[in-house]
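Structure at a glance
So you can see what is in the structure, the chains are spelled out below.
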Amino acid sequence: VNQYVDDIETKGTTYINNGMIRGEYSTKVGEVDMTSVTIIRDGYTYSWTSTLPTGFKIKNEVDSSTGEDTSSSGTYGYAAQIGDYSCAAWSVDQSKFAVPTNIEFQEITPK
């Protein structure tokens, strides 16, 4: 993915396998470079950046009648801003979906 919105440039890769997702992104805001990673697996979303000492963990909400994840059911218009992207098959590397043990995750409870 290559995206440029409101003077913010983001480049990265999203990996998908067997219901798990990992996104690795580099963002440049002015002269500041930041990396961020998000892993979605086992009913949780884990996210961390190079600019904070801890990461965040949030339980994904599931509609019991449909089994659909409703954690981010809002529409933010991001799809229209996705920018350039390409898709390709890959040889799955399960380590991409491992939650790091060297990062402390603070759990956030949705209201």
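Located above this text is the structure these notes cover.
In this text the structure is predicted, and so the values were computed from the model without any measurement.

1. What to know about the sheet that holds strand 6 (residues 55–59)
By way of backbone hydrogen bonds, the strands of a sheet pair with one another, either parallel or antiparallel. Here we have 7 strands laid out as an open sheet, ordered 1-2-3-4-5-6-7, and mixed in their pairing. Each of the sheet's edge strands pairs with one partner strand only, and the pair in question is strand 1 (2–5) and strand 7 (105–108). Neighbour-to-neighbour, the strand axes of this sheet turn through a mean angle of 20°, independent of strand direction. As paired strands, strand 3 (residues 20–29) and strand 4 (residues 32–41) are joined by 9 bridges and run antiparallel to one another. Bridging across to strand 4, Glu24 finds its partner in Val37.

2. Quick word on unusual backbone geometry
You will see that Asp7, though not glycine, has its phi angle at about 65°, which is positive. Assignment of secondary structure puts Asp7 in the loop between strand 1 and strand 2 (8–17). With a relative accessible area of 58%, Asp7 lands in the exposed category. In the Ramachandran plot, Asp42 falls in the positive-phi region, its phi being about 55° despite a non-glycine side chain. Looking at the element boundaries, Asp42 is found in the loop between strand 4 and strand 5 (44–49). What makes Asp42 exposed here is its relative accessible area of 60%.

Parameters at a glance
- Residues numbered from 1 in each chain as written.
- Predicted model: local features only at pLDDT ≥ 70, side-chain atom pairs only at ≥ 80, totals over all residues.
- Heavy atoms only, no water.
- Pairing = 2+ DSSP bridges.
- Helix = DSSP H or I, 4+ residues; strand = E, 2+ residues; numbered from the N terminus.
- Axes fitted to C-alpha atoms, helices over the stretch in contact; angles between N-to-C directions.
- Buried < 20%, exposed > 50% of the residue type's maximum accessible area, 1.4 Å probe, protein only.

Keep in mind these values describe shape, not function.
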